[in-house]
Amino acid sequence: MNGAAEPLIEVRGLLSQFGERVIHQELNLDVERGEVLGVVGGSGTGKTVLLNSIIGLKEPEGGTIRVFGHDRAELSKEQAFDIERRTGVLFQQGALFSALTVLDNVASPLVEHTSLPRDMIRDLAEMKIAMVGLGPESHYLKPAELSGGMRKRVGLARALALDPELLFLDEPTAGLDPIGAAAFDDLIRQLSDDLGLTVFMITHDLDSLYAICDKVAVLADKQVVAKATVRELERSGHPWIQEYFLGPRGRAATKAA
């Protein structure tokens, strides 16, 4: 990784609030190209608010957010469209279209953002489904017929449909059993390495942090109080970080890593 390269995401002085309630104040964060970044924090620290602000679903009350070198507040329609094409998002519940089959769900970004022939769109969608470890037998199932792990994989295939450079994951292993969660972690790490993805991953799963994250950003006190490797965070003097990484669950994850 070239340290002199411009960060893929650059957040400076972010202010986020709902009415009088301030969520973030003077929050700063860089996400470097090619890194898998885990984002952790206690309940109410605004992890999803930060994600939504970066991808443009929430307008910040102050500060600047730059993605691919562009200030989000000053995007032209063409720039916004370009960023959307270069970005994939897997929301916590998968956010699949309940009336569509797996194949149509994965194909939907290609239908919306390209003018490719229908046969080519179908072939690409089938390829993305295979990429996340699902077979042809899943193609014509509806979301209600899928297990939780399968829904996550279909959501990931859809997030990868346009070959993004930047992937956002909101609690990707939430609700999965330990074996399913470990398999999903392995999949994300493999795809990141194979495709050169930059990954911004909100998680509370300590196993995920130890297994696949290059760095972890910690939200506390309305800011990012640290961004470092897990091993460096284990030596932090911040009370929440100590409790999180050195408490009973943290020690168990350390032994498993």
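Quick note: structure is the one above.
Fair warning: this is a prediction, and the values are worked out from it, not measured in the lab.

Student: It is not clear to me how the overall build of the protein should be interpreted in this structure. Could you clarify?
Tutor: A count of helical and extended segments in the protein gives 10 helices and 10 strands. Taken over C-alpha atoms, the radius of gyration comes to 18 Å for the protein, in line with the 18 Å a tight globule of 257 residues would show. With the principal axes as the frame, the protein shows a C-alpha extent of 55 × 45 × 40 Å. For the protein, restricting intrachain contacts to residue pairs at least 6 apart in sequence, the fraction spanning at least 24 positions comes to 66%. A total accessible area of about 12400 Å² is found for the protein, and carbon and sulfur atoms account for 51% of it. In the protein, the 27 positive side-chain charges and the 37 negative ones have mean positions that sit 3 Å from each other.

Student: How do you make sense of the environment of Gly13 when you look at a structure like this?
Tutor: Note on placement: Gly13 falls in strand S1 (residues 9-18). As a C-alpha pair, Gly13 and Val102 span 89 residues in sequence and 40 Å in three-dimensional space. Among all residues touching Gly13, those that are not within four sequence positions of it are Glu26, Leu27, Asn28, Gly62 and Gly63.

Student: Would you mind going over the pattern of salt bridges with me for this structure?
Tutor: Side chains carrying opposite charge are able to pair once their charged atoms draw close together. One pass over the structure, following the stated rule, counts 12 salt bridges. A salt bridge links Glu61 to Lys58, with the nearest nitrogen and oxygen atoms 2.8 Å apart. Assessed through its relative accessible area of 40%, Glu61 is described here as partly exposed. Judged by its relative accessible area of 13%, Lys58 falls in the buried class. It is possible to trace a salt-bridge network through shared partners that takes in Arg33, Asp82, Arg86 and Glu165.

Student: Would you explain the side chain of His238 in this entry?
Tutor: With respect to the secondary-structure elements, His238 resides in the loop between helix H8 (230-233) and helix H9 (239-246). A distance of 3.2 Å separates the side chain of His238 from the backbone nitrogen of Trp240, its partner in a polar contact. Contacts of His238, omitting those with residues within four sequence positions, involve Ala220, Asp221 and Val225.

Student: Looking at this structure, how should I read the sheet that holds strand S10 (residues 223-228)?
Tutor: If you walk across this open sheet you meet the six strands as S6-S7-S8-S3-S9-S10, and the pairing is mixed. Lying at the two open borders of the sheet, with one neighbouring strand each, are strand S6 (87-90) and S10. Mean inter-strand twist for the sheet, computed between neighbouring axes without regard to direction, equals 15°. Taken together, the five bridges between strand S7 (residues 166-170) and strand S8 (residues 198-202) define a ladder with parallel strand orientation. Bridge pairing in S8 places Phe168 opposite Phe200.

Student: How do you make sense of the packing of aromatic side chains when you look at a structure like this?
Tutor: Within this structure, the stated rule accounts for three aromatic pairs. Plain terms: the ring middles of Trp240 and Tyr244 are 4.7 Å apart, the flat faces sit at 15° to each other, and that makes the pair stacked. Within this pair, Trp240 and its partner Tyr244 are both found in helix H9, separated by four residues, close to a single helical turn. Consider the rings of Tyr244 and Phe245, whose centres lie 5.1 Å apart with planes at 85°: the pair is edge-to-face. The pair formed by Tyr244 and Phe245 is uniform in burial state, with each residue classed as buried.

Student: Even after reading the chapter, I still don't get the packing of helix H5 (residues 148-159) against helix H6 (residues 178-195), so can you show me in this structure?
Tutor: Each pair of packed helices can be summarised by the angle the axes make with each other and by the distance between the axes. Across the interface, H5 lies against H6 with an axial gap of 11 Å and an inter-helix angle of 15°. Between H5 and H6, the crossing angle belongs to the class labelled roughly parallel. For the pair H5 and H6, the crossing hand works out as right-handed. On H6, the residues touching Lys152, Arg153 and Leu156 of H5 are Ala183, Phe184, Leu187 and Leu191. Its residues assigned to classes, the contact of H5 with H6 shows five nonpolar, no polar and two charged.

Rules used in this analysis
- Residues numbered from 1 in each chain as written.
- Predicted model: local features only at pLDDT ≥ 70, side-chain atom pairs only at ≥ 80, totals over all residues.
- Heavy atoms only, no water.
- Helix = DSSP H or I, 4+ residues; strand = E, 2+ residues; numbered from the N terminus.
- Rg over C-alpha atoms; globule rule 2.2 N^0.38 Å.
- Contact = heavy atoms within 4.5 Å.
- Areas by Shrake-Rupley, 256 points an atom, 1.4 Å probe, with all protein chains shown as cover.
- Lys, Arg positive; Asp, Glu negative; His and termini not counted.
- Charge placed at Lys NZ, Arg CZ, Asp CG, Glu CD.
- Salt bridge = Lys/Arg side-chain N within 4 Å of Asp/Glu carboxyl O.
- Buried < 20%, exposed > 50% of the residue type's maximum accessible area, 1.4 Å probe, protein only.
- Polar contact = N/O pair within 3.5 Å; in protein donor to acceptor, adjacent residues only side chain to side chain.
- Pairing = 2+ DSSP bridges.
- Axes fitted to C-alpha atoms, helices over the stretch in contact; angles between N-to-C directions.
- Phe/Tyr/Trp six-rings, centres within 6.5 Å; stacked < 30°, edge-to-face > 60°.
- Parallel < 35°, antiparallel > 145°, perpendicular 65-115°, else oblique.
- Left-handed = near helix turned anticlockwise from the far one by under 90°.
- Nonpolar A, V, L, I, M, F, W, Y, C, P; charged D, E, K, R; others polar.

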